[in-house]
Amino acid sequence: KFIGSFKNTLFLAGMPNNQIRFSAPNMPEVFPELNLFDISEGDGGDITGMYPTKNAIVVFKRRGIYLIKGDPSKGFYVQTLTKDIGCIAADSIAEVPGVGLVFLSESGIYALEGALENTGSQTVITEISVPIRRWFDDLSDSALAGAIGIVYHRDREFWLCVPALGDVYNTMVLVFHYSVGSWSRRFDFPVRSAVETKDHR
């Protein structure tokens, strides 16, 4: 289900056995037999998303976050970040400037800080949806797996497109104004897919 490139190596995840396979460096078509990580321990569920950053590949389970670090010459390794918080919608994951890697969890919207750059800063997980927890009562829990996150750079906004109560598809947008740290929302705004471009759009 998920493909990511990190340090000239291709990583594959989302198989039923919760394994992550990775290619030989600079050879994306070659997957040596021993090039795999198994993160099936615990009851965190299946892998629900994967996001490559400059410093690590972030792997999400429904309840759990793991970091793949290292490089081809010294070897890759897996670091368990948490087994309490995870991601429930792969397309909700977005890199928000000045905030971190934002994603939708079972219990709210969180930001993963310190994993995107080699800054030496501590990697922490912070809930950013505390001011809008009451809005989650208006969402369709059964369809949240299809939520979509996108950054609208021109207006400095992170959009989380979610299904309103009773809807099968996304019809509401939770908007995080990341330059000031405030929230708003927009209704009757159906979004099935979104792509962030290299410019302001």
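Provided above is the structure to which this section pertains.
What you see is a predicted model, and the numbers here were worked out from it, not measured in a lab.

**Re the sheet that holds strand β13 (residues 148–152)**
1) Next: Strands sit in the order β13-β14-β15-β16 across an open sheet of four strands; the sheet is antiparallel. Two strands bound the open sheet, and with one partner strand each, they are β13 and β16 (182–186). The sheet shows a mean angle of 20° between the axes of neighbouring strands, direction not considered.
2) Next: One ladder, built from six bridges, connects strand β14 (residues 157–162) with strand β15 (residues 172–177); its direction is antiparallel. Note on β15: the bridge partner recorded for F158 is F176.

**Focus on the sheet that holds strand β7 (residues 64–71)**
1) Next: Within the open sheet, the four strands sit side by side as β5-β6-β7-β8. Their pairing is antiparallel. Of all the strands in the sheet, just β5 (47–52) and β8 (75–82) have a single pairing partner and so form its edges. Recorded for the sheet is a direction-independent mean angle of 20° between the axes of neighbouring strands.
2) Next: Relative to β7, strand β6 (residues 57–61) runs antiparallel, the two being bridged by five bridges.

**Section: unusual backbone geometry**
1) Next: In this structure, N8 is a non-glycine residue whose phi angle is positive, near 60°.
2) Next: Relative to the assigned elements, N8 resides in the loop between β1 (2–6) and β2 (9–13).

**Digging into the environment of T82**
1) Next: Positionally, T82 belongs in strand β8.
2) Next: Considered as a pair, T82 and R63 are 19 residues apart in the sequence and their alpha carbons are 8.1 Å apart.
3) Next: When neighbours within four sequence positions are excluded, T82 is seen to be in contact with G64, I65 and I125.
4) Next: A distance of 3.0 Å separates the side chain of T82 from the backbone nitrogen of D84, its partner in a polar contact.

**Overview of the nonpolar core**
1) Next: In this structure, L104, I109 and L174 are the most contacted members of the largest nonpolar core, which totals 26 residues.
2) Next: At the level of secondary structure, the elements contributing two or more residues to this core comprise β9 (94–96), β10 (100–105), β11 (108–113), β14 and β15.
3) Next: In this structure L174 touches I109, I132, W135, F158, W159, L160, V162, W183, S184 and R185, once residues within four positions along its chain are discounted.
4) Next: Formed by 15 residues, the second largest nonpolar core is a distinct cluster that contains F6, I47, V59 and I68.

**A look at the pattern of salt bridges**
1) Next: One pass over the structure, following the stated rule, counts six salt bridges.
2) Next: Across the salt bridge formed by E127 and R133, the nearest N and O atoms sit 2.7 Å from each other.
3) Next: The exposure class of E127 is buried, given its relative accessible area of 17%.
4) Next: Between R186 and E157 there is a salt bridge whose closest N-O contact spans 3.0 Å. Taken together, the residues span a long stretch of sequence, with R186 in strand β16 and E157 in strand β14 at a distance of 29 residues.
5) Next: Residue E157 is classed as buried on the basis of its relative accessible area of 5%.
6) Next: Residues participating in the shared-partner salt-bridge network are R62, R63 and E106.

**As for the pairing of β2**
1) Next: A one-sided burial pattern is seen for β2, the buried positions being T9, F11 and A13 and the unburied ones L10 and L12.
2) Next: Pairing between β1 and β2: five bridges, direction antiparallel. Paired with I3 across the bridge in β2 is L12.
3) Next: Connecting β1 to the antiparallel partner β2 that follows it, the hairpin turn spans two residues, and K7 within it adopts a positive phi of roughly 55°.
4) Next: Where β2 lies against strand β3 (residues 19–22), two bridges are found, and the strand directions are antiparallel. Directly across from F11, in β3, lies its bridge partner F22.
5) Next: Between β2 and β3, which pair antiparallel in sequence order, lie five residues; one of them, G14, sits at a positive phi of approximately 100°.

Reading the values: rules and limits
- Residues numbered from 1 in each chain as written.
- Predicted model: local features only at pLDDT ≥ 70, side-chain atom pairs only at ≥ 80, totals over all residues.
- Heavy atoms only, no water.
- Pairing = 2+ DSSP bridges.
- Helix = DSSP H or I, 4+ residues; strand = E, 2+ residues; numbered from the N terminus.
- Axes fitted to C-alpha atoms, helices over the stretch in contact; angles between N-to-C directions.
- Contact = heavy atoms within 4.5 Å.
- Polar contact = N/O pair within 3.5 Å; in protein donor to acceptor, adjacent residues only side chain to side chain.
- Core = buried A, V, L, I, M, F, W, Y, C linked by side-chain atoms within 4.5 Å.
- Buried < 20%, exposed > 50% of the residue type's maximum accessible area, 1.4 Å probe, protein only.
- Salt bridge = Lys/Arg side-chain N within 4 Å of Asp/Glu carboxyl O.

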